[in-house]
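# Working through the structure, step by step
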Amino acid sequence: MRRVVVTGIGMVSPLGLTTKESWGNCLQGRSGIDRITRFDPEAYPTRIAGEVKGFDGRKYMDGKDAGRYDIVFHYSWAATQEAVQESKLEITPGNAERVGIIIGSGIGGLKNIFDTSLLISAEGPRRVSPFFVAGSIINTCSGYAAIQLGAKGPNYSVVSACATGNHAIADGFHSIRRDEADVMIVGGSEAPITPLGLAGFSTPRALSRRNDEPTKASRPFDKGRDGFVLGEGAAVLIIEEYEHARRRGAPLIAEILSCGMSADAFHITAPSEKGEGAARAMNLALRWAGIKPEDIDYINAHGTSTPIGDVAETDAIKTTFDSHARKLAVSSTKSMTGHLLGAAAAIEAAFTALALKDQMMPPTINQEFPDPECDLDYVPNTAQKRPIRYALSNGFGFGGTNSSLCLKRID
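Residues numbered from 1 in each chain as written. Predicted model: local features only at pLDDT ≥ 70, side-chain atom pairs only at ≥ 80, totals over all residues. Heavy atoms only, no water.

### Looking at the layout of surface pockets
Where empty space is left becomes clear once a probe the size of a water molecule has been rolled over the atoms. What the largest pocket holds in volume is close to 770 Å³. In terms of lining residues, the largest pocket is bounded by 42 residues, among which Thr-269, Pro-271, Thr-304, Thr-306 and Phe-398 are the most central. Here the lining of the largest pocket gets six residues from one element, more than from any other, and that element is helix α10 (residues 307-321). Of the residues assigned to the lining of the largest pocket, the class counts are 17 nonpolar, 19 polar and six charged. (1 Å grid on protein atoms, 1.4 Å probe; cavity = no way out; pocket = protein on both sides within 12 Å on 5 of 7 lines; lining within 4 Å. Points joined across faces, edges and corners; volume = space filled by probe spheres on them. Helix = DSSP H or I, 4+ residues; strand = E, 2+ residues; numbered from the N terminus. Nonpolar A, V, L, I, M, F, W, Y, C, P; charged D, E, K, R; others polar.)

Here's what the structure looks like:
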């Protein structure tokens, strides 16, 4: 069976503009959440978010393209370039057909859609850019990268809400396993911090309203949590067949063993009772990986900081791991990044791969008031250096979609 390994990671996040910066700040337990600066949020009940700071898309693409394409594609292309560079991947006419790209998004070009709607209302349809559709649709994440890189393998985008990143990685994993490609460029990107995005998540009261303490607003598994915090950015991973990676001397970061997937078939936004669907996804990940529950050392949780979701995921972990649930470590890096929606699972899979490589468990910050219903080891407040051989990275989404990646340390 063809083994699949991670050989490069690119990242743009509220914690930094590169993987090194983002991972370093993650291990330091720093929050990337603050008051929104991109527009005046005063009229909104939530006025905080995990914005990407200091980013200029013109550093990654020419001025014309930067103006044509939504910022969500600026993020995905920036992360893709870093991942390719870190992987030392060269795409040539000789290998182009064996390199594919699957980069998804939960929403896509929301700012472009919002701004164009205002423009057409104010000035009429003739003012709409001929690049509006291409500059907004989600599969531009993959299409633009393929054109720039010359990658001619499988190319499409995944859209599955907050599980998008895991599903993109899983699809790339299976393409390599099926011998459709030797290398897949996979991940997720999101840029929802717009007036429309903030309003859309504010009205159902999904977002935290801890406006006076933004760095403490995202507090997964803590009794004081009151909703998630919007985040933005992208993470892209280079994954490839193990022997192919070894032959070209690529860095070996972690191995991907499986991805378990399931549906709640329960509610459009709420998790199934006791996290039943999430538990099935984790069990399937273990089954396809061929390992036992007690082999898992660490879980990067979906951990959104919502009252219902965190309890359901905790219950799902207890169901899946039984007594071992008390021995493994669980952390939510959303406590620092906020919730990147379609990019969340990708950045968390990247953090999980780095945790395996560096043998460091990132913390769940803002653990101040223990919730009796969330009573596992959440790596509270401070990163921990502990042995990690096998890990899961969970991603669950609206519509009741569940995914759980299983990764292994490279021996």
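### Quick notes on the side chain of Glu-51
Within the secondary structure, Glu-51 sits in the loop between β3 (48-49) and α2 (63-68). In this structure Glu-51 is buried but unpaired, with Arg-38 as the nearest side chain of opposite charge at 4.3 Å. Within polar-contact distance, the side chain of Glu-51 engages the backbone nitrogen of Arg-38 at 3.1 Å. Leave out the neighbours within four places in its chain, and Glu-51 touches Pro-14, Gly-32, Arg-35, Ile-36, Thr-37, Arg-38, Ile-193 and Glu-232. (Buried < 20%, exposed > 50% of the residue type's maximum accessible area, 1.4 Å probe, protein only. Lys, Arg positive; Asp, Glu negative; His and termini not counted. Salt bridge = Lys/Arg side-chain N within 4 Å of Asp/Glu carboxyl O. Polar contact = N/O pair within 3.5 Å; in protein donor to acceptor, adjacent residues only side chain to side chain. Contact = heavy atoms within 4.5 Å.)

### Considering the side chain of Ser-393
Mapped onto the elements, Ser-393 comes out in strand β13 (residues 390-397). Judged by its relative accessible area of 0%, Ser-393 falls in the buried class. Within the structure, the side chain of Ser-393 is placed 3.5 Å from the backbone nitrogen of Ala-349, a separation counted as a polar contact. Setting aside chain neighbours within four positions, we find Ser-393 in contact with Asn-166, Asn-300, Ala-345, Glu-348, Ala-349, Thr-352, Ser-403, Ser-404, Leu-405 and Leu-407.

As far as function goes, none of this settles anything; it's purely spatial.
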